[in-house]
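Here is what each chain is made of, one letter per residue.
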Amino acid sequence: MRIGVLGTGNMADALATHWVRSGHDVAIGGRDMHKAERLATRLGGSAKPASLRAAAEFGQVVLSALPFGTGTSVVQELRAVLEGKVLIDCSNPVGPGFRLLTRSGLSAAQQLAAAAPGSHVVKAFNLCHEDVWRMSPPIFDGRRLAVPVCGDDETALALVHQLVRHAGCEPVAAGSLERAGLLEATAALFIGLWVGEGADAQAIAPPLAYAAGPKDEEPQIAEEAFR
């Protein structure tokens, strides 16, 4: 698969590393060609440096690894070359005080879709720190990291699910692009818990077997245990 990466920062580095190792052809696009060259050299393999436009033109799938706001303006400039392409958004619109910056409007992913209306935007890879994505693979308590993926185009979703697996993770169908805002809000909540409170965000959800509440006999067993 040909993958264009918009950006030369930590997320571009972490995800492109997996995809180069998996045999994909990757173009690292940046405004600063020296940074693009350094990252492409570090990645090795098929990775090559490019301008932002050249990376967008190169990729069947394009990763927008740019900060919230910057990504929208860059994508708008490239909307013609992004026509018909899969565009992955991994950004988190989280501001000071772990505040969600889009709470009164469109999600970051929807803003990208509006900026490049001919592309197929998919939200993924936004719930973890870049160093988690650098793990090979990210496995916790014997289980691969699950990655929620939101989008509207089935072909685009299938390609992104493949790239999630090539990052050593398991894709989870999280619904349409309209639900991307829920992923972004989840990131704001988790970052606030992890960073702001030092709390274990993973502990706030029960196991799947208990998602609809415990079985009928379990409350009784628990009650008898306290007699």
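Presented here is a report on the structure given in the accompanying data block. (Residues numbered from 1 in each chain as written. Predicted model: local features only at pLDDT ≥ 70, side-chain atom pairs only at ≥ 80, totals over all residues. Heavy atoms only, no water.)

1. A closer look at helix α5 (residues 108-115)
Part 1 of the reasoning: Listed in full, the buried residues belonging to α5 are Ala108, Ala109, Leu112 and Ala115. Buried residues along α5 cover an arc of 120° about the axis, so they all sit on one side.
Part 2 of the reasoning: In this fold, the buried residues of α5 make contact with β4 (61-64), α4 (70-77), β5 (86-89), β8 (120-123) and α8 (180-197). (Buried < 20%, exposed > 50% of the residue type's maximum accessible area, 1.4 Å probe, protein only. Helix = DSSP H or I, 4+ residues; strand = E, 2+ residues; numbered from the N terminus. Arc of directions from axis to C-beta. Contact = heavy atoms within 4.5 Å.)

2. Remarks on the pairing of strand β12 (residues 170-173)
Part 1 of the reasoning: As defined by bridge partners, strand β11 (residues 146-151) adjoins β12 across four bridges and the pair is classed as parallel. Looking at the pairing, Ala146 lines up with Glu170 of β12.
Part 2 of the reasoning: Between the parallel pair β11 and β12, the chain is carried across by helix α7 (residues 154-166), and the sense of this crossover is right-handed. (Pairing = 2+ DSSP bridges. Right-handed = clockwise from strand over helix to strand, strands pointing away.)

3. A word on the packing of aromatic side chains
Part 1 of the reasoning: Evaluation of the coordinates by the stated rule reveals three aromatic pairs.
Part 2 of the reasoning: Geometrically, the ring pair formed by Trp19 and Phe125 is edge-to-face, given 5.9 Å between the ring centres and 65° between the ring planes. Note that Trp19 is positioned in helix α1 (residues 10-21) and Phe125 in the loop between β8 and α6 (130-133), a separation of 106 residues in sequence. Phe125 matches Trp19 in its accessibility class, with the two residues each being buried.
Part 3 of the reasoning: Plain terms: the ring middles of Phe125 and Trp133 are 5.3 Å apart, the flat faces sit at 80° to each other, and that makes the pair edge-to-face. Residues Phe125 and Trp133 agree in their burial class; the two are buried.
Part 4 of the reasoning: Taken together, the ring pairs in this structure connect Trp19, Phe125 and Trp133 into an aromatic cluster. (Phe/Tyr/Trp six-rings, centres within 6.5 Å; stacked < 30°, edge-to-face > 60°.)

4. Things to note about the packing of α1 against helix α2 (residues 33-43)
Part 1 of the reasoning: It is at 10 Å that the axes of α1 and α2 come closest, and there the two elements cross at 40°. It follows from the interaxial angle that α1 and α2 lie oblique. Regarding α1 and α2, the two cross each other, and that crossing is right-handed. Listed contacts from α2 to Ala12, Asp13, Ala16, Thr17 and Val20 of α1 are Leu39, Arg42 and Leu43.
Part 2 of the reasoning: Per-class residue counts for the contact of α1 with α2 are five nonpolar, one polar and two charged. (Axes fitted to C-alpha atoms, helices over the stretch in contact; angles between N-to-C directions. Parallel < 35°, antiparallel > 145°, perpendicular 65-115°, else oblique. Left-handed = near helix turned anticlockwise from the far one by under 90°. Nonpolar A, V, L, I, M, F, W, Y, C, P; charged D, E, K, R; others polar.)

5. Some details on unusual backbone geometry
Part 1 of the reasoning: A cis amide bond links Ser136 with the next residue in sequence, Pro137, at an omega value of -5°.
Part 2 of the reasoning: Considering the arrangement of structural elements, one finds Pro137 in the loop between α6 and β9 (139-140).
Part 3 of the reasoning: Notably, Phe125 is not glycine yet its phi reads approximately 65°, a positive angle.
Part 4 of the reasoning: The phi torsion at Asp141 lies on the positive side, around 55°, for a residue other than glycine.
Part 5 of the reasoning: Mapping Asp141 onto the fold places it in the loop between β9 and β10 (143-144).
Part 6 of the reasoning: Residue classification places Asp141 among the exposed positions, given a relative accessible area of 79%.

6. Focus: the pattern of salt bridges
Side-chain pairs of opposite charge can arise whenever the charged atoms involved come near each other.
Part 1 of the reasoning: According to the stated counting rule, one finds six salt bridges in the structure shown.
Part 2 of the reasoning: Note that Asp13 is salt-bridged to Arg42, the shortest N-O span being 2.2 Å. Residue Asp13 is located in helix α1, and its partner Arg42 is located in helix α2; the two are separated by 29 residues in the primary sequence.
Part 3 of the reasoning: As a salt-bridge pair, Arg134 and Asp13 come within 3.6 Å of each other at their nearest N and O atoms. Of this pair, Arg134 sits in the loop between α6 and β9 while Asp13 sits in helix α1, and the two are 121 residues apart along the sequence.
Part 4 of the reasoning: A relative accessible area of 32% means that Arg134 is categorised as partly exposed.
Part 5 of the reasoning: Each of Asp13, Arg42, Asp131 and Arg134 takes part in a single network of salt bridges with overlapping partners. (Salt bridge = Lys/Arg side-chain N within 4 Å of Asp/Glu carboxyl O.)

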